[in-house]
Amino acid sequence: MLQPKYARESLTTMTEMVLPNDTNTLNNLMGGRLLHWMDICAAIAAQKHSNRIVVTASVDNVSFSEPIKLGNIVTMQAKVTRGFNSSMEVNIEVWAEDIPAGTRVSTNRAFYTFVAVDQNGRPIEVPPVIPETEQEQQLFESALRRRQLRLVLAGRMKPQEAKELRALFGVVDGE
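In this report, the structure presented in the accompanying data block is examined. As a convention, each chain's residues are numbered from 1 in the sequence order in which they are written. Totals for whole chains, interfaces and linings use every residue, but because this is a predicted model, local features are given only for residues with pLDDT of at least 70 and side-chain atom pairs only at 80 or more, for both listing and counting. Side-chain metrics in this entry use all non-hydrogen atoms of the structure; hydrogen atoms and water are not considered.

This part is about helix 1 (residues 31-50). Helix and strand definitions follow DSSP, with helices as H or I runs of at least four residues and strands as E runs of at least two, each counted in order from the N terminus. By this rule, a helix spans an expected 1.5 Å times one less than how many residues it contains. Its 20 residues give helix 1 an end-to-end C-alpha distance of 28 Å, which sits within 8% of 28 Å, the value for a rise of 1.5 Å per residue. Relative accessibility under 20% of the residue-type maximum defines a buried residue, over 50% an exposed one, and the middle range a partly exposed one, all with a 1.4 Å probe and only protein chains included. Burial in helix 1 covers these residues: Leu34, Trp37, Met38, Cys41, Ala42, Ala43, Ala45, Ala46, His49 and Ser50. Phi turns positive one or two residues past the end of helix 1, at Asn51, with a value near 55 degrees.

Attention now moves to helix 2 (residues 134-153). Under the 1.5 Å per step criterion, the end-to-end length of helix 2 is 29 Å for 20 residues, consistent within 8% with the ideal 28 Å. Here the bend at a residue is taken as the angle between two axes, fitted respectively to the seven residues that end there and the seven that start there. Maximal helix bending in helix 2 amounts to about 35 degrees, located at Ala143. Within helix 2, burial applies to Glu136, Leu139, Ser142, Ala143, Arg146, Gln148, Arg150 and Leu151. Taken together, the buried residues of helix 2 touch strand 3 (53-60), strand 4 (73-83), strand 5 (87-98), strand 6 (103-117) and helix 3 (163-168). Pairs of residues are marked as contacts when any of their non-hydrogen atoms sit within 4.5 Å.

Looking now at unusual backbone geometry. Located in the positive-phi region is Asn27, a residue other than glycine, with phi close to 65 degrees. Examined against the element boundaries, Asn27 turns out to sit in the loop between strand 2 (12-17) and helix 1. Of note, Asn51 is a non-glycine position whose phi angle comes to about 55 degrees, a positive value.

Centre-to-centre distance and the angle between the planes together describe a pair of aromatic rings. Any pair of Phe, Tyr and Trp rings, taking the six-membered ring for Trp, is counted once the centres come within 6.5 Å. Such a pair is stacked with planes under 30 degrees apart, edge-to-face with planes over 60 apart, and tilted for the rest. Tallied over the full model, the rule gives 1 aromatic pair. Ring geometry for Tyr112 against Phe114: centres 6.0 Å apart, planes inclined by 10 degrees, an arrangement best described as stacked. The pair formed by Tyr112 and Phe114 is uniform in burial state, with each residue classed as buried. Geometrically, a lysine NZ or arginine CZ counts as sitting over a ring once it is within 6 Å of the ring centre and also within 35 degrees of the ring normal. Taking the ring centre of Phe140 as reference, the NZ or CZ of Arg82 above it sits at 4.2 Å.

Our focus in this paragraph is the environment of Lys48. For Lys48, the position within the fold is in helix 1. Residue classification places Lys48 among the partly exposed residues on the basis of a relative accessible area of 35%. With 39 residues separating them along the chain, Lys48 and Glu9 place their C-alpha atoms 7.2 Å apart. Not counting chain neighbours up to four residues away, the residues in contact with Lys48 comprise Lys5, Glu9, Ser10, Leu11 and Thr12.

The subject of this paragraph is the pattern of salt bridges. If charged atoms from side chains of opposite charge come close, those side chains can pair. Whenever a carboxyl oxygen of Asp or Glu lies within 4 Å of a side-chain nitrogen of Lys or Arg, that contact is scored as a salt bridge. In total, this model carries 7 salt bridges according to the counting rule given. Of the charged contacts, one joins Glu132 and Arg8 as a salt bridge, the two residues approaching to 2.5 Å between their closest N and O atoms. Separated by 124 residues along the polypeptide, Glu132 in the loop between strand 7 (129-130) and helix 2 and Arg8 in the loop between strand 1 (5-6) and strand 2 bring together distant segments of the chain. Between Arg146 and Glu89 there is a salt bridge whose closest N-O contact spans 2.7 Å.

Among the structural elements, Ser65 can be located in the loop between strand 3 and strand 4. The partly exposed category is assigned to Ser65, whose relative accessible area is 49%. With residues up to four places along the chain from it excluded, the contact list for Ser65 reads Ser106, Thr107 and Asn108. Polar contact criterion, stated in full: a pair of N or O atoms within 3.5 Å, where within protein one must be able to donate a hydrogen and the other to accept it, and residues adjacent in sequence count only if both atoms are side-chain atoms. Side-chain polar atoms of Ser65 contact the backbone oxygen of Thr107, separated by 2.9 Å.

With that settled, the discussion passes to the pairing of strand 4. Counting buried positions along strand 4 yields 9 of 11 residues, so the element is predominantly enclosed. Two strands qualify as a pair provided that DSSP identifies no fewer than 2 bridges between them. Of the strand pairs in this sheet, strand 2 and strand 4 are connected by 6 bridges, and their pairing is antiparallel. Bridged to Thr13 within strand 4 is Gln77. By the bridge criterion, 10 bridges tie strand 4 to strand 5 in an arrangement that is antiparallel. Along strand 5, the bridge assignment pairs Thr75 with Trp95. The antiparallel hairpin formed by strand 4 and strand 5 contains 3 residues in its connecting segment.

Here is the structure:
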């Protein structure tokens, strides 16, 4: 087993300015561009945690709650919430800031899953995460349920095998 690492050690902050080439015809940031930036930020956090090359395995439900306008400053913060065998869950939050107007708004949040790989592209063990804050503890504890849901939805786990997820819905073994 690898030496555990604190969640804070993977904290990654990335900032971008929305330029004309990043926008759609309404002068809003294109969703694909934002997903690209989020993937980079989350991957850096996963690399910091694992000290390995990482590949994106999945992205959970990214919803766009607020448009991000041309000229806005986009700040993304990512942190590893839990390490499993070779995979890691990364939580990422996004804010848009209009500096001249003095406003900052939360626009997006998502969970990314990365797999650490060796030089031949094969999955390799990642360190466990040590959560310290209350928020880190909550994200750590709920990560197993999110992982099981991802695996069930991908057809890689049978619903009856997802014990943590079943317990969330009050389903006990034998039902």
